[in-house]
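# Structural features, examined
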Amino acid sequence: MNLVHSVETLSRLAGGLPIAVTELAQALSDSDADSSVRIVSPASTRQYEVLIADKVSVTSIDPGPLVGMRTRRDLAKLHRREKIDVVHQHGIWALLPVMSGHFASQHDVPLVLSPHGMLEAWARSHHAWRKRIAWKAYQRRNLDSAAVLVASSDSEAEQFRQLGFTQPIAVITHGVAPLSSETGGGPKECKRHALFLSRIHPKKGIDLLLDAWATLDAHDWELIIAGNDDGGHRDALEAQAAHLKISDQVRFVGPLFGDEKDRAFRSADLLVLPSHSENFGIVVAEALQYGLPVITTTETPWRHLVDEQCGWCVEAIAPAIAGALQEAIGLSDEDRQAMGERGRALIDRDHRWPKIAEQYWELYRWLAKAGPEPDGLRRD
């Protein structure tokens, strides 16, 4: 079987989307050596690409105003050379993945479409006027053409139905690649670390986190804000920290990758993701497998952290975040470590790639008329 995954970027500065796509492609390739897995994305600077395994092919499309035409042209060439069985579009607002969906419709190739949270209410309201134009011009038609929509959570699937989409929905979560070595490392610093690690963007609720932090008695803790400054939001946050007189307790460290990211997780005692909207939140899963308790919001699909006793899931408002922080920093190291162990067990049970890759293969085979309909496909 020949699969094509299309995504708007492979830049590691873009957050979880390129990580999710490339790790899925790797897992699919690992689990079926007889199939071809290809990623189509805009050409990008090698320095900023996420790691892609040798077994996964990459077709880079030159960006620019002709990217749509080039996408359809290059996919048509590939289809003539080695018949494409399924196109899997990741994301919905960028031109390249949308044009891959257009190619699929033109050539009667089944289209699987994963919006990756881009249909959530907060996401649709951000740059709303542009998205309303795109919705009427091509986006609704693109989504309607999908044979199957993929949601990473039940709440995202409900969002699809509320927007009027009627095709089958597959609810398939994201996976997490295992750590290369056991957690550990050097001795802990005197101060404990609460870590935020994601894009520095208004969607992520960092302003709420700073307001919450300012109410705490946490002088033996330090708040680490790690991530790429997406759209120049960092300056406003640093000014906010200064206004709140907490600049000595908050450290902005920029984007972290590879070993630096690994060290940040290993030296942290707690992860905080106070987002206004997440369809999944890959950093939550990453933190859990490092043995970190997590504080996040009810705007993410992680409410079960409370039931699993490995974190907090609260309203996306500063007082609620402050309450969770106060409870977390008031725990003993041993209690936080016990929460972390339960988090690791959750990841091992529900979020490993081999299991998830098999769910995708069942979906692809059914669409390619090479297997039965997958269990659990939602038609209601």
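Residues numbered from 1 in each chain as written. Predicted model: local features only at pLDDT ≥ 70, side-chain atom pairs only at ≥ 80, totals over all residues. Heavy atoms only, no water.

### Regarding the sheet that holds strand β4 (residues 86-90)
- The seven strands lie next to each other as β3-β2-β1-β4-β5-β6-β7, forming an open sheet whose pairing is parallel. Looking at strand neighbours, the two that pair on one side only are β3 (57-61) and β7 (169-171), the edges of this open sheet. The mean angle between the axes of side-by-side strands here comes to 20°, regardless of whether they run parallel or antiparallel.
- Of the strand pairs in this sheet, strand β1 (residues 2-7) and β4 are connected by five bridges, and their pairing is parallel. Within the sheet, the bridge partner assigned to Ser 6 lies in β4 and is Gln 89.
- In the packing of helix α3 (residues 95-106) onto the sheet, contacts are made with β1, β2 (36-42), β3, β4 and β5 (111-114), and the angle to β4 comes to roughly 155°.
- Of the strands in this sheet, β1, β4, β5, β6 (148-151) and β7 touch helix α14 (residues 353-367), which is tilted by about 170° from β6. (Pairing = 2+ DSSP bridges. Helix = DSSP H or I, 4+ residues; strand = E, 2+ residues; numbered from the N terminus. Axes fitted to C-alpha atoms, helices over the stretch in contact; angles between N-to-C directions. Contact = heavy atoms within 4.5 Å.)

### Some thoughts on the environment of Ile 224
- By secondary structure assignment, the location of Ile 224 is in strand β9 (residues 221-226).
- Spatially, the C-alpha atoms of Ile 224 and Phe 252 are 6.1 Å apart, while their sequence positions differ by 28 residues.
- What Ile 224 contacts, discounting residues up to four positions off in sequence, is His 193, Ala 194, Leu 195, Phe 196, Arg 251 and Val 253.

### Things to note about the environment of Ala 137
- You can see Ala 137 is positioned in helix α5 (residues 128-144).
- Distance in space between the C-alpha atoms of Ala 137 and Arg 81 is 32 Å, their sequence separation being 56 residues.

### A short note on the pairing of strand β11 (residues 270-273)
- Alternating residues of β11 divide into Leu 270 and Val 272 and Leu 271 and Leu 273, and every residue in both groups is buried.
- Two elements, strand β8 (residues 192-197) and β11, share two bridges in a ladder whose sense is parallel. Its bridge partner being in β11, Leu 195 is matched across the sheet by Leu 271.
- Summarising the sheet, β11 and strand β12 (residues 294-297) pair through three bridges and their orientation is parallel. Bridge assignment links Val 272 to a residue of β12, and that residue is Ile 295.
- Note that the unit made of β11, helix α10 (residues 282-289) and β12 has a crossover that is right-handed. (Buried < 20%, exposed > 50% of the residue type's maximum accessible area, 1.4 Å probe, protein only. Right-handed = clockwise from strand over helix to strand, strands pointing away.)

### Topic: the pattern of salt bridges
- On inspection of all chains with the given rule, the structure shows 20 salt bridges.
- Among the ionic pairs, Arg 140 bridges to Asp 144, the shortest N-O distance being 3.4 Å. Of this pair, Arg 140 and Asp 144 both sit in helix α5, four residues apart, which is roughly one turn of the helix.
- Judged by its relative accessible area of 24%, Arg 140 falls in the partly exposed class.
- Between Asp 154 and Arg 378 there is a salt bridge whose closest N-O contact spans 2.4 Å. Within this pair, whereas Asp 154 is found in helix α6 (residues 154-162), its partner Arg 378 is found in the segment after α14, the two being separated by 224 residues in sequence.
- For Arg 378, a relative accessible area of 27% gives the class partly exposed.
- In the salt-bridge network here, residues are joined through shared partners; they are Asp 32, Glu 358 and Arg 365. (Salt bridge = Lys/Arg side-chain N within 4 Å of Asp/Glu carboxyl O.)

### Some remarks on unusual backbone geometry
- Of note, His 116 is a non-glycine position whose phi angle comes to about 55°, a positive value.
- Turning to its location among the elements, His 116 is positioned in the loop between β5 and α4 (121-125).
- The phi torsion at His 127 lies on the positive side, around 55°, for a residue other than glycine.
- Under the relative-accessibility criterion, His 127 is labelled partly exposed at 40%.

So, to be careful, I would describe these as geometric facts and stop short of saying anything about function.
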